[in-house]
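# Structural description and commentary
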Amino acid sequence: MRLLGVEELAQTPSRKDGIVAEKEAKYRRECIHFIKEIATEMELTPTTYFTAMAIFHRFFTLYSFKQLSRYNFAAASLIVGGKIEEQPKKLKVLLPIVHRQKCIARKLTPVKMTQQEYRDLQLKVLSCERMILQAIGFDLSYPNPLDALISFARNVTVDGFEICPNNVVQTAVDFLNDSYYLPLCVQFEPKKIALALLDLAAHNHKVKLVWKEAGSSSSNPWFVHALPKKELVCENRRETQEETKTDKEKKGDEDNKEDAASYTSPNGSYRFIVDIIVQMQSLLQSRQRKKPTEKSPLPSSSRVSTPTMEDGMSPHPAKSPKLSLSSSSTRVNSK
């Protein structure tokens with residue numbers, strides 16, 4: 001799957017159709033929440049709805065929100081994701097939930113569908129599914145950041161623990177769940193997203209991660225061992241970002257300069273960690289009900305609040321999958 005740079009994301013079909021960046025981002029958040037609500041009600045696995053959300057983001061880098069019914073395509077993305085992850089659901093189960101969630105999203109009173117409405121919705125969603133498959137070139141390979149996150153978590157630890165503490169791992173999973181409100185999945189490889197969010201979770205809990213095989217005596221950060229530079233894809237994303245940043249964004253970079261220093265040596269190989277963290281901080285700060293008393297490059301649990309309706313998301317967002325990490329097995333639950 002080809003990754004997109006900041007410049008390409010600034011020139012999506014929606015933007016070319018006159019939809020401003022803030023409105024496009026709001027549409028994405030609304031539909032990602034829509035997918036999560038349906039997935040939660042249908043008890044789908046995290047990998048299924050993560051794949052569906054990645055497909056949705058990918059599709060709307062190729063088509064404009066202005067010309068298409070975004071909720072129908074969100075539902076169709078979930079159908080495709082279910083088939084990819086071998087968790088398909090019957091339409092007679094899915095479509096009534098889609099209809100109800102569409103009513104809720106549009107602030108309408110949910111009512112039972114008539115047979116004609118059911119047939120109409122069925123035709124529309126199946127048509128959207130075919131259009132999605134054609135748009136993505138029938139590419140059904142969507143590696144999941146959750147798998148990489150679990151793999152990294154099993155190979156790191158902190159002082160006093162044989163394995164990475166579950167609260168750190170669960171925070172990273174929470175961040176991963178939230179990260180799909182942003183189009184990170186079309187910008188960065190899954191491993192990079194997982195690495196950045198696990199490191200962000202460690203900062204959040206004020207602990208230092210250590211790569212087990214390297215030991216605490218290693219002078220290199222854990223992520224240098226987790227993702228050696230030879231595995232990094234050479235991209236010019238950092239230069240592209242610097243060229244397209246506004247004055248406000250550049251000022252934000254100065255605020256994060258101290259934290260960025262640990263990721264940018266040598267040759268800025270791990271700059272992507274800061275790029276992801278900065279985007280996540282922007283998302284988390286936008287969801288605060290109260291303004292923070294001071295700026296911080298990393299969000300803390302006391303500064304993260306539930307989203308408001310103005311964010312395009314319900315004040316009762318879908319729960320993150322619960323993850324239990326042990327030396328012998330890893331268990332992920334969608335409830």
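This structure is a prediction, so every number in the text was calculated from the model and none was measured.

## Observations concerning the overall build of the protein chain
Looking only at helices and strands, the protein chain has 15 helices and four strands in total. Scored against the burial criterion, the 335 residues of the protein chain give a buried share of 48%. For the protein chain, restricting intrachain contacts to residue pairs at least 6 apart in sequence, the fraction spanning at least 24 positions comes to 76%. Split by element, the accessible area of the protein chain, about 17000 Å² in all, is 51% carbon and sulfur.

## Details of the packing of aromatic side chains
Enumeration over the complete set of coordinates arrives at 15 aromatic pairs. Aromatic pair F56 and F65: ring centres 6.1 Å apart, planes at 50 degrees, arrangement tilted. Taken together, a centroid distance of 6.2 Å and an interplanar angle of 75 degrees make the contact between W222 and F223 edge-to-face. Across the pair, exposure class does not vary: W222 and F223 are buried alike. Put simply, the rings of Y27, F56, F59, F60, Y63, F65 and F73 pair up and form one aromatic cluster. For R70, the ring lying beneath its charged end belongs to Y27, and the centroid distance is 4.0 Å. Sitting above the plane of the F272 ring, K192 keeps its charged end 5.0 Å from the centroid.

## Regarding the environment of F34
Relative to the assigned elements, F34 resides in helix α3 (residues 21-41). Given a relative accessible area of 3%, F34 falls into the buried group. The spacing of F34 and Y71 is 37 residues in sequence and 7.6 Å in space, taken between C-alpha atoms. Those residues in contact with F34, other than ones at most four positions away along the chain, are Y71, A74, A75, V98, Q101 and K102.

## Topic: the nonpolar core
Residues F152, L195, W222, I276 and M280 are the most contacted members of the largest nonpolar core, which totals 89 residues. I276 has contacts with L184, F188, K192, I193, A196 and L197, leaving out every residue within four places of it along the chain.

## With respect to the side chain of S14
Looking at where S14 falls in the secondary structure, it is placed in helix α2 (residues 13-16). You can call S14 buried: its relative accessible area is 0%. Beyond its immediate chain neighbours, meaning those up to four positions away, S14 contacts I19, E24, Y63, S64 and F65.

## What about α3?
The α-helix advances 3.6 residues per turn, and as a result positions three or four apart in sequence lie on the same side. An ideal rise of 1.5 Å per residue puts 30 Å on 21 residues; α3 measures up with 31 Å between its terminal C-alpha atoms. Of the residues one or two after α3, E43 is the one with positive phi, at around 60 degrees.

## Things to note about unusual backbone geometry
Its identity as a non-glycine residue notwithstanding, E43 has a phi of 60 degrees, on the positive side. By secondary structure assignment, the location of E43 is in the loop between α3 and α4 (46-59). One non-glycine residue with positive phi stands out, namely K206, at about 60 degrees. The topology assignment puts K206 in the loop between α10 (190-204) and β2 (210-211). What makes K206 exposed here is its relative accessible area of 73%.

## A closer look at the pattern of salt bridges
All chains considered together, the criterion is met by eight salt bridges. Connected through salt bridges with shared partners, the residues K26, E30 and R70 form a single ionic network.

## Brief notes about the confidence of the model for the protein chain
For the protein chain, mean pLDDT is 79; residues scoring 70 or higher make up 73% of the total. Scored below 50 in pLDDT, residues 233-245 makes 25 contacts in the model with residues more than four places away or belonging to other chains. Considering only residues more than four positions removed or in separate chains, one finds that residues 253-262, a stretch of pLDDT under 50, has 14 contacts.

## Quick notes on helix α6 (residues 91-105)
Taking 1.5 Å per residue, 15 residues should reach 21 Å; α6 reaches 20 Å between its end C-alpha atoms and fits that length. Within α6 the residues assigned to the buried category are L94, L95, I97, V98, H99, Q101, K102 and C103. Taken together, the buried residues of α6 touch α3, α5 (70-84) and α7 (115-135). Immediately beyond the C-terminal end of α6, within one or two residues, lies K107, with a positive phi of roughly 60 degrees.

## Points about the packing of α4 against α5
For the pair α4 and α5, the least separation of the axes is 8 Å and the interaxial angle reads 130 degrees. The orientation of α4 relative to α5 falls into the category oblique. α4 and α5 meet at a crossing whose hand is right-handed. Residues T48, Y49, T51, A52, I55, F56 and F59 of α4 lie in contact with α5, whose contacting residues are R70, F73, A74, S77, L78, V80, G81, G82 and I84. Residues that form the contact of α4 with α5 fall into these classes: 10 nonpolar, five polar and one charged.

The rules behind these values
- Residues numbered from 1 in each chain as written.
- Predicted model: local features only at pLDDT ≥ 70, side-chain atom pairs only at ≥ 80, totals over all residues.
- Heavy atoms only, no water.
- Helix = DSSP H or I, 4+ residues; strand = E, 2+ residues; numbered from the N terminus.
- Buried < 20%, exposed > 50% of the residue type's maximum accessible area, 1.4 Å probe, protein only.
- Contact = heavy atoms within 4.5 Å.
- Areas by Shrake-Rupley, 256 points an atom, 1.4 Å probe, with all protein chains shown as cover.
- Phe/Tyr/Trp six-rings, centres within 6.5 Å; stacked < 30°, edge-to-face > 60°.
- Lys NZ or Arg CZ within 6 Å of the ring centre and 35° of its normal.
- Core = buried A, V, L, I, M, F, W, Y, C linked by side-chain atoms within 4.5 Å.
- Expected span 1.5 Å × (residues − 1).
- Salt bridge = Lys/Arg side-chain N within 4 Å of Asp/Glu carboxyl O.
- pLDDT = per-residue confidence, 0-100.
- Axes fitted to C-alpha atoms, helices over the stretch in contact; angles between N-to-C directions.
- Parallel < 35°, antiparallel > 145°, perpendicular 65-115°, else oblique.
- Left-handed = near helix turned anticlockwise from the far one by under 90°.
- Nonpolar A, V, L, I, M, F, W, Y, C, P; charged D, E, K, R; others polar.

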